[in-house]
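# Survey of secondary and tertiary structure
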Amino acid sequence: MKWRTLAVGLLLSALSVTACGRQGSPGGSAAPAVNEPAAANVQVAGSPTFAAMQQRGRVVVGVKDDQPGLGYKDATTNQFTGFDIEVARLVASQLGYAADKIDYKTVPSAAREDAISRGDVDYYVGTYTINDNRKQRVSFAGPYFVAGQGLLVRKDDSAITSKDTLKGKKVCSVTGSTPIQRVQQQQLTEPENIVQFQTYSQCVDQLLNSQVDVVTTDDAILKGYAAQNPDKLKVVGDTFSTEPYGIGLNKDDSALRGKINDVLQASFDNGTWQKIYDATLGKSGSASSEPQLQRY
C-alpha cells in the first residue's frame, strides 16, 4: 500500500506541474519547429545577465505576441509560435535552457530599451531593428534576419508588383509608422489613397475585404500574414528599405553578446536557421537566406 500511495502521489504531482506550466513550458508553448536539445554545462564568463539566469534557473525572453509567423500568442491555447520565438528558443537551448525553462514576457516596441536596461528580460527577440539610436542604450547580437519594407496583396492581384505600381491604389499601414511615412514622402500613391489604422491586422482585414489594395510594412511581418492565409494573400516585389533584426541585450554585456553571436553563426553554418525559417515565415512561399553576421 505504501508503494501504491507513493506512486499515486508522484503521478498527481506531475500532473499538477504540467497543468500549471508557465508561458514557454509544456503547458504554455507550442512544440519547437526545430527541436534543439539544451546544451550541457554552459558557462558565459563575465556575463551578469547569464549569472542572473543561473540564479533563477530560468531564462526570461522579451517577445512580441501579435505578429503571425514571427511572435504570436494564441488567445485560446496561450501558445507562442513564430520565427522570432524559434530563434529565442534556439538561443536559450544553447545557453543550457530547455523549452520548459523559458518564460516569455510580452514587451511592446516603445518599452524595449527600458525592459532590457532594467533587467526585466535577459534578451529580446521581436522584429527589433538595429540602429544607432537604440545602440546608445542597448546592444545587439546579429542580425539574425534582414527585413525590408514590402507589399502584401491579394493572391489574385497581378497589377501590383512593386512600389512603382502603387499609383491609384489604396495603401494601408499603421498610423504614424515609418512605412506609411515612406509612402507619403516618396509619393508612392495619392494622399487620398493612404489608409491608416492602429494595427496591421486591421489593414489585413481591409485587404481581405477588398477595401484596400495593399498593406505595407516590414516584409517579415507581411510574410507572417501571408503564411497564415496562403490561399488569399501573397508578398510581392523587392523590399525598399533595410531593417536588420537583432537580439537586444544589456548594453554592457559583451560576453553574452559574443556567445549569442556564436550561436547564430553556428545556426547559419549547420542549416538550423534555414529549417526554422522554412517552418515559420517560409510558409508564405517567399524564400530567404541567412544574413551576414555583423557582431555589433
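Note that the structure is a prediction, hence the values are computed from the model and not measured. Position numbers for residues start from 1 in each chain and track the written sequence from start to end. Totals for whole chains, interfaces and linings use all residues, but because this is a predicted model, local features are given only for residues with pLDDT of at least 70 and pairs of side-chain atoms are given and counted only at 80 or more. No hydrogens and no water enter the side-chain calculation; it runs on all heavy atoms of the structure.

## Quick word on the environment of T216
- Only DSSP runs of H or I covering at least 4 residues are called helices, and only runs of E covering at least 2 are called strands; the numbering of each starts at the N terminus. Relative to the elements of secondary structure, T216 occurs in strand 11 (residues 214-218).
- By relative accessible area, which is 1% here, T216 ends up buried.
- In this structure the C-alpha to C-alpha distance between T216 and V153, which are 63 residues apart in sequence, comes to 9.1 Å.
- In what follows, a contact means two residues having at least one pair of non-hydrogen atoms within 4.5 Å. Every residue in contact with T216, bar those within four places of it in the chain, is listed here: Q149, G150, L151, V171, C172, S173, P179, V183, Y200, L222 and F240. Whether a residue is buried, partly exposed or exposed follows from its accessible area with a 1.4 Å probe, protein chains only, as a fraction of its type maximum: under 20%, in between, or over 50%, in that order.

## Some thoughts on the sheet that holds strand 9 (residues 171-174)
- Strand pairing follows a simple DSSP-based rule, namely that at least 2 bridges must link the two strands. With mixed pairing, the 5 strands of this open sheet are ordered in space as 10-9-11-8-12. What marks the edges here is a single partner per strand, and that holds for strand 10 (194-197) and strand 12 (233-236). Across the sheet, the mean angle separating the axes of adjacent strands is 35 degrees when strand polarity is ignored.
- Across 2 bridges, strand 9 lies against strand 11 in parallel orientation. Within strand 11, the residue paired with V171 across the bridge is V214.
- In this description, a line fitted to the C-alpha atoms serves as the axis of each element, helices being fitted only across the stretch in contact, and the angle between N-to-C directions of two axes falls anywhere from 0 to 180 degrees. Sheet strands touched by helix 5 (residues 178-185): strand 8 (149-154), strand 9, strand 10 and strand 11. Its angle to strand 10, the strand with the most contacts, is close to 165 degrees.
- The strands that helix 6 (residues 200-208) touches are strand 8, strand 9, strand 10, strand 11 and strand 12; relative to strand 11, the one it contacts most, it runs at about 150 degrees.

## Some remarks on the nonpolar core
- Residues F83, Y123, F145 and I247 are the most contacted members of the largest nonpolar core, which totals 56 residues.
- Per-element accounting of this core gives the leading share, 7 residues, to helix 3 (residues 83-94).
- Apart from residues lying up to four places away in sequence, F83 is in contact with G69, L70, Y144, F145, W273, I276, Y277, T280 and L281.
- Definition of nonpolar core: a set of buried residues of the types Ala, Val, Leu, Ile, Met, Phe, Trp, Tyr and Cys, connected through side-chain atoms within 4.5 Å. The next biggest cluster of nonpolar side chains, apart from the first, holds 12 residues, and it includes I160, L166, L188 and V236.

## Quick notes on the sheet that holds strand 4 (residues 80-81)
- Across the sheet, which stays open at both edges, the 3 strands sit in the order 2-3-4 with antiparallel pairing between neighbours. This sheet does not close on itself; its edge strands, each paired only once, are strand 2 (66-67) and strand 4.

## A look at the packing of aromatic side chains
- Each Phe, Tyr or Trp ring, with Trp reduced to its six-membered ring, pairs with another whose centre is within 6.5 Å; inter-plane angles below 30 degrees give stacked pairs, above 60 give edge-to-face pairs, and intermediate values give tilted ones. Under the counting rule described, the total for this entry stands at 12 aromatic pairs.
- Seen in terms of ring centroids, F80 and Y104 are 5.1 Å apart; in terms of plane orientation they differ by 35 degrees. Their pairing is tilted. Taken together, the residues span a long stretch of sequence, with F80 in strand 4 and Y104 in strand 5 (residues 102-106) at a distance of 24 residues. Per residue, the accessibility class of F80 equals that of Y104, and both read buried.
- Seen in terms of ring centroids, F268 and W273 are 6.3 Å apart; in terms of plane orientation they differ by 80 degrees. Their pairing is edge-to-face.
- You can call F268 buried: its relative accessible area is 8%.
- Counting every residue linked through ring pairs, the aromatic cluster contains F83, Y144, F145, Y245, F268, W273 and Y277.

## Describing the pairing of strand 9
- By the bridge criterion, 4 bridges tie strand 9 to strand 10 in an arrangement that is parallel. The residue of strand 10 that forms the bridge with V171 is I194.
- Viewed along the sheet, the connection from strand 9 through helix 5 into strand 10 turns out right-handed. Here the term right-handed applies to a crossover when the path leading from its first strand over the helix to its second strand runs clockwise, the strands being oriented away from the viewer.

## Quick notes on helix 6
- The complete set of buried residues in helix 6 reads Y200, C203, V204 and L207. Buried residues along helix 6 cover an arc of 100 degrees about the axis, so they all sit on one side.
- Count one or two residues on from helix 6 and you reach S210, which has phi positive near 65 degrees. Within this analysis, the arc is defined by the directions that extend from the helix axis to the C-beta atoms.

## What to know about the packing of helix 3 against helix 8 (residues 254-270)
- Packing of helix 3 against helix 8 brings their axes to within 10 Å, and their N-to-C directions diverge by 115 degrees. Classified by the angle their axes make, helix 3 and helix 8 are roughly perpendicular. As for the relative orientation of helix 3 and helix 8, their crossing is right-handed in sense. For the pair formed by helix 3 and helix 8, the contact residues are V87, L90, V91 and Q94 on the first element and K259, I260, V263, L264 and S267 on the second.
- Grouping the constituent residues of the contact of helix 3 with helix 8 by class yields 6 nonpolar, 2 polar and 1 charged. Angle categories: roughly parallel below 35 degrees, roughly antiparallel above 145, roughly perpendicular from 65 to 115, and oblique for all the rest. Two helices cross in a left-handed way if the nearer one is turned anticlockwise from the farther one by less than a right angle. They cross in a right-handed way if the turn is clockwise. Amino acid classes used here: Ala, Val, Leu, Ile, Met, Phe, Trp, Tyr, Cys and Pro are nonpolar; Asp, Glu, Lys and Arg are charged; the rest, including Gly, are polar.

## Side note on the pattern of salt bridges
- What makes a salt bridge here is a side-chain nitrogen of Lys or Arg within 4 Å of a carboxyl oxygen of Asp or Glu, nothing more. Here the structure, examined in full by the defined rule, presents 10 salt bridges.
- The salt bridge partner of R56 is D122, with a shortest N-O separation of 2.7 Å. Note that R56 is positioned in helix 2 (residues 48-56) and D122 in the loop between helix 4 (112-118) and strand 6 (123-124), a separation of 66 residues in sequence.
- Looking at D122, the relative accessible area reads 4%, which means it is buried.
- Across the pair E86 and R89 runs a salt bridge whose closest N-O atoms are separated by 2.8 Å. Taken together, the residues span about one helical turn, with E86 and R89 both in helix 3 at a distance of 3 residues. Each member of the pair, E86 as well as R89, carries the same accessibility label: buried.

Functional significance is not addressed by these values, which are geometric in nature.
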